[in-house]
Each structure stands twice: as structure tokens, then as C-alpha cells.
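Commentary on secondary and tertiary structure
Below, each chain spelled out in residue letters.
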Amino acid sequence: MKIFREKDYDAMSRRAATVIAGEIVHNPSCLLGLATGSTPEGTYKYLVDWYKQGLLSFQSVRSVNLDEYVGLAPDHDQSYRYFMQSNLFDHVDIVPENTRVPDGLTKDALAFCAGYDAYIRAQGYVDLQLLGIGRNGHIGFNEPDDHFVKETHVVDLAESTIDANARFFASRDDVPKQAISMGMGAIMGAKKVLLCASGEDKADAICRAVSGAITPQCPGSILQLHPNVVLVADEAALSKLIASGVKV
Ligand code: PGA
């Protein structure tokens, strides 16, 4: 695993954006696996900036997002489709038909999930998968469990995830209780993984994911088995890993 140690959130965001931009320049029609949440917001700002400066084009880029809340319409301001439109897609030249976010309103989740995986497989898997990590170690919405789930699936959100995401909703009761998440098959099938983390509240999850036991109780730990992971994190998120003696 290659680790970039950055001083703060902004430096982490810029570094992560350079990795994504590098992928796009190298492979203009790449399939990007994209993520939502506070972590990648700054990264998307840099990418939008570089697009506006004419340094980058998304014209042939294709994307698949990791997850979506069950029950939220695409135009709900807390849906992940809305997040992607307002943070990236609406500001760059990506072709709308080339962007995929799981459909939170699907009436047939099983068929939807199978179709999502079939699309990813048919594209030869994701070229670069961007990931944040939850404080409980989740990646996408693959929550701590007694087994890893391979396929895209409907997941019951962990209470700790509902707590963590309540900040975005009027009340905790408004946080959806389920999501559709890409499974570990699609994530581990990606040719390259870009894991990003910022802040002390991620230090424990990063330490367990990078150097702890490989266990579905810390879903991010599966990345230790991936041959091509780049971790971009700030000092605070790396603090526990560094304190444990891992050289970064
Ligand atoms: P965050 O979420 O970027 O909002 O911290 C990351 C995650 O839960 O995967």
C-alpha cells in the first residue's frame, strides 16, 4: 500500500484529486468508482477547478457510485445522486448517461443490484475506486458484520452510521435505515483503490484497516488483500497508525 501523508484536509483533497486527474489523463475513458460524504468534497472541488482551468476533461469518463440511500429520490438534497450532481457532475463535462448511482427508489432491489454488478463486470471492472472510510471501518455501506458481502446489496445501516449521518438531516429519525451498496466483489475488482481519510475521528478506523486483522468486523481491512491501494490521509487520520509504529 502506498501512503501519502498530508498535513491537513486541504492537502489530502489536493493529493487525492491529483491521483484521480492522473487516471483521467492516462485513460480518458476510464471507469471511475466514486464516493460521497465529507471526505471527497474537497477532492471534487479541485477536480472542478482543474476542469474549469481547462486542465482536465471528463468527456469520455464513465462513473459508478458506491452507494445510495433506500427511499430517497434523486432530487432529494441528501441523496447521493444529488450530492454527485451538485459536487461534481453539474460542473464538469461528464456525459450524464455515463454516470451511475444506485437507484434508491427501485421497486426490485435484487434485480437492480444484479444489474449494477453486471454493468461493472461488463466494463472490465472499475479502473480507479475512490473510497472514504466510516469511523466503524465501513467502506461504501459495507457495515461491520460476520462476513464480507460480495455483491451489490441492500444493507441495514449500523446504528453508529445513522448517528454519524444524522448531521445531514433535520433529525435522526429522518436518516434512512437502509442503503444499496456496492459489495466487496466490485470494490476488490477495481484495478486501483484510492482510500482517503481526514481527521482524528478516522484514526482508529485507518489503523485497523491498514494494519489490523483482516476481518469483516472492520470492512476496510479487506483492502490489505488488494494489490494496488493508495492511501491519502492527513496527519490526524494517520496518528494512530504512526503511533503503532507503522512507517508512513
Ligand atoms: P465521511 O464518510 O466522508 O462523511 O466521513 C465516510 C464514510 O462513511 O465512508
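Residues numbered from 1 in each chain as written. Predicted model: local features only at pLDDT ≥ 70, side-chain atom pairs only at ≥ 80, totals over all residues. Heavy atoms only, no water.

A count of helical and extended segments in the chain gives eight helices and 10 strands. Taking 2.2 N^0.38 as the reference for a compact globule, 248 residues should give roughly 18 Å; the C-alpha atoms of the chain span a radius of gyration of 17 Å, in line with that estimate. Along the three orthogonal principal directions, the C-alpha set of the chain runs to about 45 × 40 × 35 Å. The 248 residues of the chain split such that 52% are buried. Relative to all contacts within the chain whose residues are 6 or more apart in sequence, the contacts with residues 24 or more apart total 78%. Distance between charge centroids for the chain: 7 Å, based on 23 positive and 31 negative side chains. (Helix = DSSP H or I, 4+ residues; strand = E, 2+ residues; numbered from the N terminus. Rg over C-alpha atoms; globule rule 2.2 N^0.38 Å. Buried < 20%, exposed > 50% of the residue type's maximum accessible area, 1.4 Å probe, protein only. Contact = heavy atoms within 4.5 Å. Lys, Arg positive; Asp, Glu negative; His and termini not counted. Charge placed at Lys NZ, Arg CZ, Asp CG, Glu CD.)

Another point: the pairing of strand β2 (residues 31–34). Of the two faces of β2, the one carrying L31 and G33 and the one carrying L32 and L34 are both buried. Taken together, β2, helix α2 (residues 41–52) and strand β3 (residues 62–65) constitute a β-α-β crossover, and its handedness is right-handed. Across two bridges, β2 lies against strand β6 (residues 128–131) in parallel orientation. Its bridge partner being in β6, L32 is matched across the sheet by L128. (Right-handed = clockwise from strand over helix to strand, strands pointing away. Pairing = 2+ DSSP bridges.)

The immediate surroundings of the ligand are formed by G37, S38, T39, G132, I133, G134, H138, R167 and K202. One of the side-chain nitrogen or oxygen atoms of H138 is found 2.6 Å away from an oxygen atom of the ligand. Across the complex, the protein chains shield 83% of the 280 Å² of accessible surface that the ligand would expose by itself. In this structure the site holding the ligand corresponds to the largest pocket. By residue class, the composition of the shell around the ligand is one nonpolar, six polar and two charged. (Near = heavy atom within 4 Å. Polar contact = N/O pair within 3.5 Å; in protein donor to acceptor, adjacent residues only side chain to side chain. Areas by Shrake-Rupley, 256 points an atom, 1.4 Å probe, with all protein chains shown as cover. 1 Å grid on protein atoms, 1.4 Å probe; cavity = no way out; pocket = protein on both sides within 12 Å on 5 of 7 lines; lining within 4 Å. Sits in = over half its atoms within 2 Å of the grid points. Nonpolar A, V, L, I, M, F, W, Y, C, P; charged D, E, K, R; others polar.)

Between its first and last C-alpha, helix α1 (residues 9–26) extends 26 Å over 18 residues, near the 26 Å set by a 1.5 Å rise per residue. Listed as buried for α1 are A11, M12, S13, A16, A17, V19, I20, A21, E23 and I24. Buried residues along α1 sit against β1 (2–6), β2, α2, β6, β9 (192–197) and β10 (229–234). (Expected span 1.5 Å × (residues − 1).)

Bringing the layout of surface pockets into the picture now. Taken as a whole, the largest pocket encloses approximately 680 Å³ of empty space. In terms of lining residues, the largest pocket is bounded by 38 residues, among which T36, G37, S38, N165 and R167 are the most central. If you list the elements that add at least two residues to the lining of the largest pocket, you get β4 (67–69), α3 (80–87) and α5 (159–165). (Points joined across faces, edges and corners; volume = space filled by probe spheres on them.)

Relative to the 16 Å expected for 12 residues at 1.5 Å per residue, α2 spans 17 Å between its end C-alpha atoms, a close match to the ideal helical length. Burial in α2 covers these residues: G42, T43, Y44, Y46, L47, V48 and W50. Tucked into the core, α2 has its buried residues touching α1, β2, α3 and β6. Backbone geometry just downstream of α2 places G54 in the positive-phi region, at approximately 80°.

Attention shifts here to the sheet that holds β10. Two strands in a sheet stick together by hydrogen bonds in their backbones, pointing the same way (parallel) or opposite ways (antiparallel). Read from one edge to the other, the open sheet built from seven strands follows the order β1-β10-β9-β6-β2-β3-β5, with strand pairing classed as parallel. Either end of the sheet is taken by a strand with one partner, and the two such strands are β1 and β5 (99–100). By the bridge criterion, five bridges tie β9 to β10 in an arrangement that is parallel. Across the sheet, residue L195 finds its bridge partner in β10, namely L231. On the sheet, α1 packs against β1, β2, β6, β9 and β10 and is oriented at approximately 165° with respect to β9. (Axes fitted to C-alpha atoms, helices over the stretch in contact; angles between N-to-C directions.)

We now examine the pattern of salt bridges. According to the stated counting rule, one finds eight salt bridges in the structure shown. Across the pair E235 and R5 runs a salt bridge, and its minimum N-O distance is 3.0 Å. Taken together, the positions of E235 in helix α8 (residues 235–243) and R5 in strand β1 put the pair 230 residues apart, joining distant regions of the chain. Overall, E235 belongs to the partly exposed group, its relative accessible area being 32%. (Salt bridge = Lys/Arg side-chain N within 4 Å of Asp/Glu carboxyl O.)

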